[in-house]
Amino acid sequence: MNENLLQIKPISEMPLVRRGAPEPMGPEAPGAALISLGCAKNTVDSEIMLAALAGAGYRLVSDAGDAQVAIVNTCGFIEDAKRESIDTILEIARLKEAGGLETLVVAGCLAERYRGELAQGLPEVDLFIGTREYDRLPELLGGGTREAFSDTLMDYGRRLPRILAEPGPSAYLKVAEGCSRPCTFCVIPRFRGRFRSRPLDLVVEEASALAEAGVREVNLLAQEITSYGLDLGLGFSLARLLEELNEVEGLEWIRVLYNYPRGVTDELLDAYRELPKVCEYIDMPLQHVATPVLDAMRRGVDEAGTRELVSRIKEQVPGCALRTTMLVGFPGETDADFERLLDFAEETRFARLGGFVFSPEDRSIAARLPDQVPVELARERMARLLALQERIMAEDNEALIGQETQVLVEGLSGEGLLRGRTRLQAPEVDGEVFLHETEAEPGEIIPCEIIGTDGVDLIARGIAADEKENLKEKA
């Protein structure tokens, strides 16, 4: 590798947000490919690594087969994610045997969670880095060490340039890192650290940079976003952040992901209702509703409080899409507990509901609890819950036919149709809208009429201005 190319550009000189990599510093620049697994928070971390690599003169490529350096940014949340990460590492390692790939880097949550252990089990890997080293990746490459981990939490209170990994008018924006909640099933605080908010002015600066790069929708991320500002001495100030972002020129939609139930204040609900750019979409992982299960999870709320919160949300933000996640098969969950969960899902009719079967994660409190639920029983319960939600979504989607909605156009489907999403659909997890008989450009937000459904997806057509007036008159 040509060491003269690896002169790291000062981070302060790089654009905060960039679409596409800058030209490398020479024709022989080493190629680098990055494979990002897991959640959207990992996507942002990967984009920080891409910017660091580009700033050091690497040539960014999309195919690891064309790269001299390949980075796998892993997920270590649950067993399935860990298995996917290991399989991907081994798949990329085979490229080294073919002779083209020189250096394999494993980054992210799995590397952080199993410091030392992975290095022993994966001799194919040349460098392991944790979740606190992303912007240091270029200097660590060729630095003579095989493992780079820090016990000092990464400083998110500074500029961390990104190169957007995906085209299109939507992007993620991380507003905090880590978590300080005591949930017994989760080990994320062990390897992501305590909750740290990014300074408000830096978040707004990055949102403005995203808008200047053509982004029309930002999706705000944190492990649990409702604690935003507490560690900065600002109290529960997510609503204040939303007010600031609502003023960013060029942004049209602001979506908030991963609300923690106890942090959903009346002030926050006012922001959802009153700020025009904030999507009336409330993503709030509840995990369960039965009080014994919630107590064992240490969620800090019981069934009565959960039901009161859902009622308050529906009353204060009429027409909102309420999305949640449920954890089935938690230790001690009885048949009666699960039936209460089914009844709650039926009564609430969540716009979206995702689910996990409990996984006894290493070093989690829940893994040591008595009365572990057999995996097959937990899977059977999950299948019943998801079948119920599938019916609810099918009924609710059918009821949308004939209604008008706004659609953010994102690009073309594989069949050549325009595709996009409504304000009530988050990227990647909530289905899409496919547009018939419609002309528009990516990034446009256009009025549409829902004309059909296809599973979780909607089918719509654009409404011309004159037709829109006729529809108003008929109404």
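Structure: see above.
Analysis parameters
- Residues numbered from 1 in each chain as written.
- Predicted model: local features only at pLDDT ≥ 70, side-chain atom pairs only at ≥ 80, totals over all residues.
- Heavy atoms only, no water.
- Pairing = 2+ DSSP bridges.
- Helix = DSSP H or I, 4+ residues; strand = E, 2+ residues; numbered from the N terminus.
- Axes fitted to C-alpha atoms, helices over the stretch in contact; angles between N-to-C directions.
- Contact = heavy atoms within 4.5 Å.
- Core = buried A, V, L, I, M, F, W, Y, C linked by side-chain atoms within 4.5 Å.
- Buried < 20%, exposed > 50% of the residue type's maximum accessible area, 1.4 Å probe, protein only.
- Right-handed = clockwise from strand over helix to strand, strands pointing away.
- Left-handed = near helix turned anticlockwise from the far one by under 90°.
- Lys, Arg positive; Asp, Glu negative; His and termini not counted.
- Salt bridge = Lys/Arg side-chain N within 4 Å of Asp/Glu carboxyl O.
- Phe/Tyr/Trp six-rings, centres within 6.5 Å; stacked < 30°, edge-to-face > 60°.
- 1 Å grid on protein atoms, 1.4 Å probe; cavity = no way out; pocket = protein on both sides within 12 Å on 5 of 7 lines; lining within 4 Å.
- Points joined across faces, edges and corners; volume = space filled by probe spheres on them.
- Nonpolar A, V, L, I, M, F, W, Y, C, P; charged D, E, K, R; others polar.
- Patch = residues over 30% accessible without salt bridge, like charges linked within 9 Å, V, L, I, M, F, W, Y side chains within 5 Å.
- Areas by Shrake-Rupley, 256 points an atom, 1.4 Å probe, with all protein chains shown as cover.
- Charge placed at Lys NZ, Arg CZ, Asp CG, Glu CD.
- Expected span 1.5 Å × (residues − 1).
- Parallel < 35°, antiparallel > 145°, perpendicular 65-115°, else oblique.

Student: In this structure, what is going on with the sheet that holds strand S15 (residues 321-328)? I would like to understand it.
Tutor: By way of backbone hydrogen bonds, the strands of a sheet pair with one another, either parallel or antiparallel. Ordered by their spatial adjacency, six strands build an open sheet running S9-S12-S13-S14-S15-S16, and the pairing between neighbours is parallel. Strands with a single pairing partner mark the edges of an open sheet, and in this sheet they are strand S9 (170-174) and strand S16 (352-357). Between one strand axis and the next, the sheet turns through 20° on average, direction left out of account. Looking at chain direction, S9 and strand S12 (residues 217-221) are connected through five bridges and run parallel. When the sheet's bridge partners are listed, Ser 170 is paired in S12 with Glu 217. Set on the sheet, helix H9 (residues 266-274) makes contact with strand S13 (253-256) and strand S14 (278-283); between it and S14 the angle comes to about 135°. Packed on one face of the sheet, helix H12 (residues 335-348) meets S15 and S16 and runs near 170° to S15.

Student: Looking at this structure, I do not really get the nonpolar core. What am I missing?
Tutor: The nonpolar side chains of a soluble globular protein tend to be buried with one another. Counting residues in hydrophobic clusters, the biggest one holds 60 residues, and the most contacted among them are Val 175, Leu 220, Leu 241, Leu 242, Ile 282, Ile 313 and Leu 385. Per element, the largest residue contribution to this core is seven residues, and it comes from helix H7 (residues 200-212). Once residues within four sequence positions are removed from consideration, Leu 385 is found in contact with Met 326, Val 328, Phe 338, Leu 341, Leu 342, Ala 345 and Leu 353. With 24 residues, the next largest nonpolar core counts Met 49, Ala 56, Val 105 and Tyr 134 among its residues.

Student: Quick question: what am I supposed to make of the pairing of S16 here?
Tutor: Consecutive side chains of a regular strand alternate in pointing toward one face of the sheet and then the other. Of the strand pairs in this sheet, S15 and S16 are connected by six bridges, and their pairing is parallel. Paired with Thr 324 across the bridge in S16 is Leu 353. Handedness of the crossover joining S15 and S16 through H12 is recorded here as right-handed.

Student: Any chance you could explain the packing of H7 against helix H8 (residues 238-245) here in plain terms?
Tutor: When two helices pack together, their arrangement is captured by the angle between the axes and the distance separating the axes. For the pair H7 and H8, the least separation of the axes is 10 Å and the interaxial angle reads 35°. Between H7 and H8 lies a crossing of right-handed hand. Between H7 and H8, the residues in contact are Leu 200, Val 203, Val 204 and Ala 207 and Arg 240, Leu 241, Glu 244 and Leu 245, respectively.

Student: I tried to follow the side chain of Lys 277 on my own but got confused; where do I start?
Tutor: The topology assignment puts Lys 277 in the loop between H9 and S14. No salt bridge is formed by the buried Lys 277. Its closest oppositely charged neighbour is Glu 252, at 5.8 Å. Sequence-distant contacts of Lys 277, defined by excluding residues within four places in its chain, comprise Asn 246, Glu 247, Val 248, Leu 251, Glu 252, Trp 253, Ile 254 and Arg 423.

Student: Would you mind going over the environment of Arg 159 with me for this structure?
Tutor: In this structure, Arg 159 sits in the loop between strand S7 (147-148) and strand S8 (162-164). Taking relative accessible area as the criterion, Arg 159 reaches 27% and is therefore assigned partly exposed. Placed 47 residues apart in sequence, Arg 159 and Glu 112 show a C-alpha to C-alpha distance of 23 Å.

Student: It is not clear to me how the sheet that holds strand S19 (residues 433-436) should be interpreted in this structure. Could you clarify?
Tutor: Strands sit in the order S17-S18-S19-S21-S20 around a closed barrel of five strands; the barrel is mixed. Looking at each pair of strands side by side, their axes are set apart by 55° on average, direction ignored. Sheet topology places strand S18 (residues 418-422) next to S19; three bridges connect them, and they run antiparallel. Bridging across to S19, Arg 419 finds its partner in Phe 434.

Student: Looking at this model, I keep getting lost on the packing of aromatic side chains. Mind explaining?
Tutor: Centre distance and the angle of the planes are the two values used to describe a pair of aromatic rings. What the rule picks out here adds up to three aromatic pairs. Considering the side-chain rings of Phe 185 and Phe 330, the 6.5 Å spacing of their centres and the 85° angle between planes classify their relative orientation as edge-to-face. Within this pair, whereas Phe 185 is found in the loop between strand S10 (176-177) and helix H6 (188-192), its partner Phe 330 is found in the loop between S15 and H12, the two being separated by 145 residues in sequence. Judged by relative accessible area, Phe 185 falls into the buried class, the value being 12%. Taking the centre distance of 5.4 Å and the plane angle of 70° together, the rings of Phe 330 and Phe 358 count as edge-to-face. One end of the pair, Phe 330, is in the loop between S15 and H12; the other, Phe 358, is in the loop between S16 and helix H13 (375-399), and 28 residues separate them in sequence. The class for Phe 330 is buried, based on a relative accessible area of 0%.

Student: Got a minute to help me understand the layout of surface pockets in this structure?
Tutor: By rolling a water-sized probe across the atoms, one finds the places where empty space is left. The computed volume of the second largest pocket comes to approximately 560 Å³. Lining the second largest pocket are 28 residues, with Gly 319, Ala 321, Ala 351, Leu 400 and Leu 424 positioned closest to its centre. Put simply, the parts of the chain that give the lining of the second largest pocket at least two residues each are S15, H13 and strand S17 (404-412). Examining the composition of the lining of the second largest pocket, we find that four residues originate from one element, H13, more than from any other. For the lining of the second largest pocket, the residue count by class is 13 nonpolar, eight polar and seven charged.

Student: Can you walk me through a negative patch on the surface in this structure?
Tutor: A cluster of acidic side chains, namely Glu 243, Glu 244, Glu 247 and Glu 267, defines a negative patch on the protein surface. Among the secondary structure elements, Glu 267 is positioned in helix H9.

Student: Help me understand helix H1 (residues 40-55), please; the structure alone is not making it clear to me.
Tutor: Spacing of three or four residues puts side chains on the same side of an α-helix, whose turn is 3.6 residues. For H1, built from 16 residues, the straight-helix expectation of 22 Å at 1.5 Å per residue is met to within 8% by its first-to-last C-alpha distance of 23 Å. Just downstream of H1 lies Gly 57, where phi reads positive at about 95°.

Student: Please explain the packing of helix H11 (residues 303-316) against H12 as it appears in this structure.
Tutor: Remark: H11 packs on H12, axes separated minimally by 12 Å, with the N-to-C direction vectors making an angle of 10°. In terms of orientation, H11 and H12 fall into the roughly parallel class. Only Arg 340, Phe 344, Glu 347 and Thr 348 of H12 make contact with H11, whose side of the interface consists of Glu 303, Thr 306, Arg 307, Val 310 and Lys 314. The residue inventory of the contact of H11 with H12, partitioned by class, reads two nonpolar, two polar and five charged.

Read these as layout, nothing more, since geometry by itself doesn't imply function.
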